[in-house]
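Topology and contacts: notes
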Amino acid sequence: MNNRIKNLVSGRAAGLLAGAALLATTAIVQTASAQMLMEEVVVTAQKRAQSAQDVGISISAFSREQLEAMGYTNAQEVTAMAPGVSTLQPNGEANYSIGIRGVANNDFTTNVESPVAVYVDEVYISQMSGAGFMLFDIERVEILRGPQGTLFGRNATGGLVHYVTTKPGPEFGGYGSISYGSFDRIKMQGAVNLPLNEKLTMRASVATHQGDGYVTNRLQPDTKLNNANETAGRLQVLFTPNEDVEILLNARFGQQDIRTGFFENVSAENPDGVLTPTVPITNLDNYLDNDGDVFAGDYDSPGHNKLKTYGFTGTLKWDLDGMELTSITDYQSVNRNYIEDSDASPFKYFNFFLTTDAKQFSQELRLSGETEKMKWVTGFYYMDLDIDDTNGGIMPGLFEALFAPVEVLGFNGIRNPYQTNVKTWSLFGQVEYALNEQVSLIAGFRYIDEKKDHFYRDVLYLYPDTSVNGLDPNAVEIGDALPPYTGARHDKNWSARLQANYRPSDDALFYASWNRGVKSGGFNAPLLPTDIYVTDAFMKYSPETLDAFEVGFKWDFADGKARLNGAAYYYDYNDYQAFAIIGLDTFTLNADSKNKGFELELQLNPAEGLDVQFGIAYIDADVTNVPGITIDIATPAGTVAAILPGATLRPVQTPKWNFNGLLRHEFKVASGAVAVQVDGQYRGEHTFGLLSTNALTEDGYFVGNASITYLPEDQDWSLRLFVKNITDAEYLVQTFDLSGTVANGGLFGMVEQYYGQPRTWGVNATYNF
């Protein structure tokens, strides 16, 4: 077998740190032999090697080789092979967050942090609009399920995803990769490692993705939507003045400028999410899109997503003779301008927009060490986050339907600027004590002090007829629709962890844990000018608290050729921060929730060159004690009402069943090796809002992929052919229920549907040097 192909199954063991994965590591990557090898990780902070199989946390980890074999090039893709984990796209390809075990937030309001944290090189990424970055020059990705908070960084109730980039090394080398495929898309990435002397080395990495879109605008057929136009780069410099000190400097940037805002328009003249696909939409001059092509529409105002990010990080690791001090200082910026043709029609009815201007500074200090029987870590975390955002809409048609023509009103849009400032600090620590060689106990605690200030305006504007920018400088401010809102909160929370590990042999681990996870309260930023919304009752939501009880096992058997990991859990939420869509507005509201379920992951290496992976997850989740809400907006055309009943509902984007699988066979040929792979994921029925209407429900789907890779013997290049979504499945990734006309208590008379990508193909060539 070509020794450059790493075993895909054993790769999942790589990359997790003791206790929770975010202390500095150096992976020992081993090549595959006739049986599965369990890779280990050297935890430099604790001076010991520890496999992920020794850690009592439910984990899915992917090595660089696995990510390349599955063709993942975007951060949104990595959850497909992780049971119980979902990717949420509340604005299609423009926004991104993750749900784990029913812990999710589908709110695209940009001052809302996800309950599942995203990290890059131990640095917390607070903005969803900055988390859908390109994957390039990545060493590994780690997904941890369950509350996190006693070991590192920002506290999170649902879990975390950690992307670890390849660091500078002592030898000259690098790689280059180019892909070409469907829609004339070209992806290029590469990296070069350059040692300057014995103490100083650097690594530069860059990636770009260019090409046409896959959504046809029948009004402008030569300009397709959801095209590719993004570039990212990263420069890292590593300085090691002596064997005890390591200083890593990181500078990175990313940009995206694509035509987006694509939705499929489906008639829903009746209220309550009832689809009427053969009935013309009266609010849209009897428009009807029923050609059956979900990747085509009539968009009079094609949208865009313009995103720029940059950041700088300095990381110090200092060996203090038995202890290690780690300091991580980071500054990052996210700037975004997004607009969409929300009515997905040839009429100027409603174009939603949002902008982001976020600046984040964070400082983390950790001190860790170990004795013969005890391992410990303690630390301090500080974050200062300044958000200056807007949302709104250019909506001449909707205002005319609700009130009167623009000529009478004097305005045709709303712009809602809001500023949120977050200052938070935490103290945390965790101790692991070995009672004997088989039993160890873990205890951890975190104290969080968090202050938030929020200022919000709801402002009427008169936009030019040709405006395609929510911040159009030619738009005229008419005045506040409602008095501005000012709010402040000061939350003091704590999280904790208790756990017992039992290892009867080197091949088995059993664990039981209780985790208390917390997430501070926050503020909403509604779209429409409704005096019922802009009150403390709706603008504020309280901190959520999660008590998570979990039991699990990790077992290697069949002489190292098989691995079975499993976990079962029960989650008890208080003041669960539930996501709800009320008319055109999205809100986070406090409710309660109880989740229970399990995950199983089976990995096999039954024969030389054959890898098999299978995962299953079951989630039984309920949201209860949801506030009963009725909103009335009196208008000349009638009454627009949105009702959220106080009932037992289901969290967003939470299918009961989730399956994934992978089969890879590598075999020799005369001139090298060939690897054939198929993989796929099934997600059961799930909804995109708390109200389980037909319009907000995806019935479930399967997405499969296939590839074949050729690796010549004793050469440094490879060639890969791949097909994604091989069955060309049509599946929803987001919907918005705007059913009902103004006359019968609705707004648009339609439902917005956003579909995942169709079948695509491509070819990739990679060269290592």
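Here the residue numbers are simple positions, counted from 1 along each chain's written sequence. For this predicted model, a pLDDT threshold of at least 70 governs which residues receive local features, and a threshold of 80 or more governs which side-chain atom pairs are given and counted, while totals over whole chains, interfaces and linings are taken from all residues. Only hydrogens and water are removed before side-chain values are computed, so all heavy atoms of the structure are retained for them.

Examining the overall build of the protein
Put simply, the rule is: Strands are runs of DSSP state E lasting at least two residues, helices are runs of H or I lasting at least four, and both sets are numbered from the N terminus onward. Exposed residues in this analysis have more than 50% of their type's maximum accessible area, buried residues have under 20%, and partly exposed residues fall in between, with area computed by a 1.4 Å probe over protein chains only. We call two residues in contact when some of their heavy atoms are within 4.5 Å. All accessible areas in this document rest on Shrake-Rupley with a 1.4 Å probe, and a residue is counted as covered only by the protein chains that are shown.
Looking only at helices and strands, the protein has 4 helices and 45 strands in total. Burial analysis of the protein (769 residues in total) assigns 61% to the buried set. Considering only contacts in the protein between residues 6 or more positions apart, those separated by 24 or more positions represent 69%. In the structure as shown, the protein presents an accessible area of about 27400 Å², 58% of it carried by carbon and sulfur atoms.

Some thoughts on the pairing of strand E37 (residues 657-669)
Which entries qualify depends on this criterion: Here the rule is simple: two strands pair whenever DSSP picks up at least two bridges between them.
Across 9 bridges, strand E34 (residues 610-624) lies against E37 in antiparallel orientation. Bridged to Tyr618 within E37 is Trp657. With 12 bridges joining them, E37 and strand E38 (residues 672-683) adopt antiparallel strand pairing. If you follow Lys668 over to E38, its bridge partner there is Ala673. Linkage of E37 to E38, two consecutive antiparallel strands, is achieved through a turn of 2 residues.

Quick word on the pairing of strand E44 (residues 750-755)
For E44, a buried count of 6 out of 6 residues is recorded, marking the element as mostly surrounded by other parts of the structure. Pairing geometry for strand E17 (residues 264-267) and E44, over 4 bridges, is antiparallel. Across the sheet, the residue bridging to Ser267 is Met750, located in E44. In this structure, strand E43 (residues 732-738) lies alongside E44, joined through 6 bridges in antiparallel fashion. Residue Leu732 lies in a different strand from E44, and its bridge partner there is Tyr755.

With respect to the pattern of salt bridges
Note the cut-off: One speaks of a salt bridge when a side-chain nitrogen belonging to Lys or Arg is within 4 Å of a carboxyl oxygen belonging to Asp or Glu.
For the structure on display, the rule yields 30 salt bridges. Across the pair Glu77 and Lys724 runs a salt bridge whose closest N-O atoms are separated by 3.1 Å. Pair noted here: Glu77 is in the loop between helix H1 (64-69) and strand E5 (85-88) and Lys724 is in strand E42 (residues 717-724), with a separation of 647 residues, a long-range link. Residue Glu77 is classed as partly exposed on the basis of its relative accessible area, which comes to 24%. The buried category is assigned to Lys724, whose relative accessible area is 18%. Here Lys594 and Asp572 are joined by a salt bridge, their closest N and O atoms 2.9 Å apart. Linking Lys594 in strand E33 (residues 585-607) with Asp572 in strand E32 (residues 562-582), this pair joins segments that are 22 residues apart in sequence. Bridged by salt links that share partners, the residues Arg64, Glu68, Asp137 and Arg203 form one connected network.

Looking at the confidence of the model for the protein
Worth spelling out the cut-off: One number per residue, pLDDT, summarises how confident the predictor is, and it ranges from 0 to 100.
Overall, the prediction assigns the protein a mean pLDDT of 87, with 89% of residues at 70 or greater. A low-confidence stretch, residues 1-49 stays under pLDDT 50, and its non-local contacts, those more than four residues away or across chains, total 176 contacts. Within the model, pLDDT remains below 50 along residues 632-643, and this stretch shows 35 contacts once partners closer than five positions in the same chain are excluded.

Points about the nonpolar core
For clarity, the cut-off: Only buried Ala, Val, Leu, Ile, Met, Phe, Trp, Tyr and Cys residues count toward a nonpolar core, and they belong to the same one when joined by side-chain atoms within 4.5 Å.
If you look at the biggest cluster of nonpolar residues, it comprises 25 residues, and the most contacted ones within it are Val215, Phe262, Phe295, Tyr299, Tyr731 and Tyr754. Elements that contribute at least two residues to this core include exactly E32, strand E41 (701-712), E43 and E44. Setting aside its immediate chain neighbours within four residues, Phe295 contacts Tyr214, Val215, Thr216, Phe262, Tyr755, Gly756, Gln757 and Pro758.

Some points on the packing of aromatic side chains
To describe a pair of aromatic rings, you give the distance between the ring centres and the angle between the ring planes. Inclusion rule: Only the six-membered ring of Trp is used, alongside the rings of Phe and Tyr, when aromatic pairs are assigned; centres must lie within 6.5 Å, and planes under 30 degrees apart are stacked while those over 60 apart are edge-to-face, with the rest tilted.
Here the structure, examined in full by the defined rule, presents 36 aromatic pairs. With 5.7 Å between their ring centres and 55° between their planes, Trp425 and Tyr447 make a pair best called tilted. In this pair, Trp425 is assigned in strand E23 (residues 413-434) and Tyr447 in strand E24 (residues 439-456), connecting sequence segments 22 residues apart. According to the relative accessible area criterion, Trp425 is partly exposed, its value standing at 31%. Summarising the aromatic geometry, the rings of Phe659 and Tyr682 are spaced 6.0 Å apart at their centres and angled 35° between planes, so their arrangement reads as tilted. Residue Phe659 is located in strand E37, and its partner Tyr682 is located in strand E38; the two are separated by 23 residues in the primary sequence. What links up through ring pairs into an aromatic cluster is the set Phe598, Phe614, Tyr618, Trp657, Phe659 and Tyr682.

Side note on empty space enclosed by the protein
Quick reminder of the rule: Cavities and pockets were defined on a 1 Å grid built from protein atoms only: a cavity is a group of points that admits a 1.4 Å probe but offers it no way out, a pocket is an open group of points flanked by protein on both sides within 12 Å along at least five of seven lines, and a lining residue is one with an atom within 4 Å of any such point. Grid points are joined across faces, edges and corners, and a volume is the space filled by probe spheres set on the points. Nonpolar residues are Ala, Val, Leu, Ile, Met, Phe, Trp, Tyr, Cys and Pro. Charged residues are Asp, Glu, Lys and Arg, and all others, Gly as well, are polar.
Under the criterion given, the structure shown has 15 cavities of 30 Å³ or more. Empty space within the second largest cavity amounts to approximately 120 Å³. Residue lining of the second largest cavity: 14 residues in total, with Glu113, Ser114, Arg154, Asn155 and Lys519 positioned closest to the centre. Taken together, the elements giving at least two residues each to the lining of the second largest cavity come down to E24 and strand E28 (508-519). Of the residues assigned to the lining of the second largest cavity, the class counts are 5 nonpolar, 4 polar and 5 charged.

Digging into the environment of Asp54
Short version of the rule: Any N or O atom pair separated by 3.5 Å or less is treated as a polar contact, with the protein-specific requirement of one donor-capable and one acceptor-capable atom, and with residues adjacent in sequence counted only for side-chain atom pairs.
By secondary structure assignment, the location of Asp54 is in the loop between strand E3 (48-50) and strand E4 (59-63). Under the relative-accessibility criterion, Asp54 is labelled partly exposed at 30%. For the pair Asp54 and Asn501, spaced 447 residues apart in sequence, the C-alpha separation works out to 9.2 Å. A distance of 2.4 Å separates polar atoms of two side chains, one belonging to Asp54 and the other to Arg503.

Considerations on the sheet that holds E17
Pairing between the strands of a sheet comes from backbone hydrogen bonds, and it takes one of two forms, parallel or antiparallel. Quick reminder of the rule: Between N-to-C directions, angles cover 0 to 180 degrees, with each direction set by a line fitted to C-alpha atoms, over the stretch in contact for helices.
Reading across the sheet, the 3 strands line up as E17-E44-E43 and stay open at both edges, with antiparallel pairing between neighbours. At either end of the open sheet lies a strand with only one pairing partner, and these are E17 and E43. On average, each strand axis in the sheet is tilted by 25° relative to the strand beside it, whichever way the strands run.

With respect to a nonpolar patch on the surface
Defined as follows: Residues enter patches when they are more than 30% accessible in relative terms and free of salt bridges; like-charged ones are connected within 9 Å and nonpolar ones (Val, Leu, Ile, Met, Phe, Trp, Tyr) within 5 Å.
Taken together, Phe172, Val192, Leu194, Leu196, Trp717, Leu719, Tyr767 and Phe769 make up a surface patch of nonpolar side chains, about 740 Å² in accessible area. As for its position among the elements, Tyr767 is in strand E45 (residues 760-768).

Some remarks on the sheet that holds strand E10 (residues 159-165)
Ordered in space as E4-E9-E10-E7-E8, the 5 strands form an open sheet in which the pairing is mixed. A single partner strand is all that each edge strand has here, and the edge strands are E4 and strand E8 (123-125). Taking each pair of neighbouring strands and ignoring which way they run, the sheet shows an average axis angle of 20°. Across 3 bridges, strand E7 (residues 116-120) lies against E8 in antiparallel orientation. Within the sheet, the bridge partner assigned to Tyr119 lies in E8 and is Tyr124.

Some remarks on the side chain of Asp289
Here Asp289 is to be found in the loop between E17 and strand E18 (296-297). Residue classification places Asp289 among the buried residues on the basis of a relative accessible area of 9%. Each residue touching Asp289, except ones within four places of it in the same chain, is listed here: Arg218, Glu264, Asn265, Ala296 and Gly297.

Things to note about unusual backbone geometry
Despite not being glycine, Asp184 shows a phi value in the positive range, around 55°. For Asp184, the location among the structural elements is in the loop between strand E11 (173-181) and strand E12 (185-195). You will see that Gln653, though not glycine, has its phi angle at about 55°, which is positive. Here Gln653 is to be found in the loop between strand E36 (638-644) and E37.

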